[in-house]
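Below, each chain spelled out in residue letters.
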Amino acid sequence: MSQQHGERRELVQQQRELDGDRRRERIVFLLGVLSLIPVAAIILVRVVFFV
Amino acid sequence: MSPAETALLVATVILMVFVFLGAVPVLATLFQFLVVPLHAFINHYKKAAPYEPNVAVIIPAWNEAAVLGPALDRLMALDYPVDRLRVIVVDDASTDATPEVVLAKAAEFPGRIVHLRREHGGQGKSHTLNVGIAHALEDDWMQALLIMDADVIYPPTSLRRLTRHLADPEVGAVTAYVAEGSIRQNYLTRFVALEYAIAQLGARRAQNVLGAIACLAGGAQLHSRENIVALGGRVDTSTFAEDTVTTFETQLQGRRVVFEPYSVVLAEEPETVNALWRQRLRWARGNVQVTGRYRNVFFRPSREHGLGGFAFGSFWFAIFLQPVFMILASTGLIGLWFLGSPLAAEVFRTLWIIAAIGYAFGLTLSVLLDGRVGRRSWREVVLFPGLVSVVIIIVAIFPGLMQWLAGLAGWTITPEISAGFVLFAYFWQAGCMLFAWLAKAIEGTGVGRVLTPLLVYLVGYGPILCAVTFDSYVKEARRAESRWDKTEKIGRVTA
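Small disclaimer: the values here were computed from a predicted structure and weren't measured. (Residues numbered from 1 in each chain as written. Chains lettered and ligands numbered in written order. Predicted model: local features only at pLDDT ≥ 70, side-chain atom pairs only at ≥ 80, totals over all residues. Heavy atoms only, no water.)

Participant: Mind laying out the sheet that holds strand β7 (residues 256–267) of chain B, listing which residues take part and the relevant values?
Facilitator: All names here are of chain B. Sheet architecture is open: 7 strands sit in the order β3-β2-β1-β4-β6-β5-β7, paired in mixed fashion. The two strands at the open ends of the sheet, each matched to only one other strand, are β3 (113–118) and β7. Between one strand and the next, the sheet's axes are offset by a mean angle of 20°, whatever the strand orientation. In this structure, strand β4 (residues 144–148) lies alongside strand β6 (residues 220–224), joined through 5 bridges in antiparallel fashion. If you follow M148 over to β6, its bridge partner there is A220. Its contacts with the sheet put helix α3 (residues 65–76) on β1 (55–61), β2 (85–92), β3 and β4, and the angle it makes with β2 is roughly 165°. (Pairing = 2+ DSSP bridges. Helix = DSSP H or I, 4+ residues; strand = E, 2+ residues; numbered from the N terminus. Axes fitted to C-alpha atoms, helices over the stretch in contact; angles between N-to-C directions. Contact = heavy atoms within 4.5 Å.)

Right, here's the structure in full:
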């Protein structure tokens, strides 16, 4: 009985870990958007420089 | 149009094509990184579930006494059911204390570590692996097989973060993020750390999105039993790239390969350019062999797998043919200059601005994906393309900058100096590989110990890998001797 309880608890913990990683992965989209900032800076500098 | 004018036009068009081919690697890399953020929504987590199969771990070992003890200790401390994990160390006729180390650990953890000894070794990693795989397949206990290197350190949750993907029966294999983990850092290990963040946390996420993985990491690949059996119960022994062949075969047979970015394992990486060159030459020669073997797979879309997709083929050949593209770009630019074409300068500037955008986006995203690398390797992030290329990029973005700076200093830039700079910049596209080779060639000398790190910062890390790829063409064309030239590991992995 206690072994089953332990396994159940372990399963819940692993599901939480998986849900956590899935949520964490959503941040990657935001990081992608943030990474466009230096790109925008290069383009802006180039355009301003030519104007 | 006179014959001379026609010849000039044809030459200009050909040279322009050369120059545009030089942009292929940059454009392919930029596209690959633009796909990475989509991994937030297109990933395998929806089909993953808690799953802890019986895992047999295979460690091929040849003179690994210095690193095996800690690696085995960390495996035994994994947050994974004790009765579902067995480790098989295949000792390839080691002449150091490897057998003693493994036997001592086997005694410390009875029934959990097996020592398999090959008395006549030296055939290479893949043959050694096959001995372990055959042993693991002897009974029905094993449900999943983890192939790792002797020096790789597995943190507690790393294995179960891999196994959860095998809950989906469509998945044949899963690979982890192998991060650089040397305790004693130097400029080269910091470059490698950055490269791994780019090539794994970035590129492999993009490959997950596009449904085709180029290579399972040799130090961290988990296979379902069904996958290993379907592959014939063995890994390829005919190439240097058994990992890549396994990855391709798995996908060609219709099973999925997944990269798991949150399963992070640590490995010790080369500290010298020569050691890095030897390691990467083995990998690059393997890629030449794999490209030849699967030449009928690329650019042939299939419903069974993603390896034939245009995007995957573009990424593969952008790296595989990068030295060729660089040489063509230099040839094209220098040729246009000698023809007196005004196009050369404009195309060159556009090329470098695209390169700057690619570097800025890819490097920023990579260090955001692994903040530890960003903190440790900030110098290498700035100088990843090399100081010379950074200067060329700045001049490309600000065309009048040199004249302005010279004016401030009261100098005059004569047309001859200007032409010299332009020709050098055109030459540098390909010439940087020569300087990368020079960094390797002088490393062992007294002056090299000081100059090599400076040269690497000057040349950049990418050109070293390009020069190695070029070397791999030569070695494969000459059918140079192939042997298992293992990277020295002395047990300095952190965590």
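Participant: Describe the pairing of β2(B), and please don't skip the residues or the numbers.
Facilitator: Residues and elements named next belong to chain B. Of all 8 residues in β2, 7 are buried, a share of seventy percent or more. As paired strands, β1 and β2 are joined by 7 bridges and run parallel to one another. Residue pairing in the sheet places A61 in a bridge with D91 of β2. Read as a crossover between parallel neighbours, the route from β1 over α3 to β2 is right-handed. In this structure, β2 lies alongside β3, joined through 6 bridges in parallel fashion. Across the sheet, residue V87 finds its bridge partner in β3, namely I113. In this fold, β2 hands off to helix α4 (residues 98–108), which returns the chain to β3; that crossover is right-handed. (Buried < 20%, exposed > 50% of the residue type's maximum accessible area, 1.4 Å probe, protein only. Right-handed = clockwise from strand over helix to strand, strands pointing away.)

Participant: Got a sec to walk through the pattern of salt bridges? Specific residues and values, please.
Facilitator: Scanning the entire structure with this criterion turns up 26 salt bridges over all chains. The closest approach of N and O atoms between E17(A) and R160(B), which form a salt bridge, is 2.8 Å. Of this pair, E17(A) sits in helix α1 (residues 2–34) while R160(B) sits in helix α6 (residues 158–163), which puts the two residues in different chains. Under the relative-accessibility criterion, E17(A) is labelled buried at 15%. For R160(B), a relative accessible area of 3% translates into the label buried. Taking the shortest distance from any N to any O, the salt bridge between E119(B) and R117(B) comes out at 3.4 Å. Overlapping salt bridges, with partners in common, bring together D21(A), R24(A), R161(B), R164(B) and E260(B) in one network. (Salt bridge = Lys/Arg side-chain N within 4 Å of Asp/Glu carboxyl O.)

Participant: A description of the confidence of the model for chain B should follow, citing residues and the corresponding values.
Facilitator: Residues and elements named next belong to chain B. In this model, chain B carries an average pLDDT of 92, and 97% of its residues clear a pLDDT of 70 or more. Within chain B, the element-level pLDDT minimum falls on helix α17 (residues 401–409), averaging 84, and the maximum on helix α8 (residues 225–230), averaging 98. Across the whole predicted complex the pTM is 0.92, and at the interface the ipTM reaches 0.90. (pLDDT = per-residue confidence, 0-100.)

Participant: Summarise helix α16 (residues 387–397) of chain B; cite the residues concerned and give the values.
Facilitator: Among the 11 residues that make up α16(B), 8 are buried, leaving the element largely enclosed by the rest of the structure. Turning to α16(B), its buried residues are V388(B), S389(B), V390(B), I392(B), I393(B), V395(B), A396(B) and I397(B).

Participant: Outline the nonpolar core, listing residues and values.
Facilitator: Residues and elements named next belong to chain B. Residues Y177 and L194 are the most contacted members of the largest nonpolar core, which totals 83 residues. Excluding residues that lie within four positions of it along the chain, Y177 makes contacts with Y196, A197, Q200, L201, F259, E260, P261, S263, V264, V265, D370 and V373. Core analysis: the second largest hydrophobic core is formed by 40 residues, L68, V87, V174 and V178 among them. (Core = buried A, V, L, I, M, F, W, Y, C linked by side-chain atoms within 4.5 Å.)

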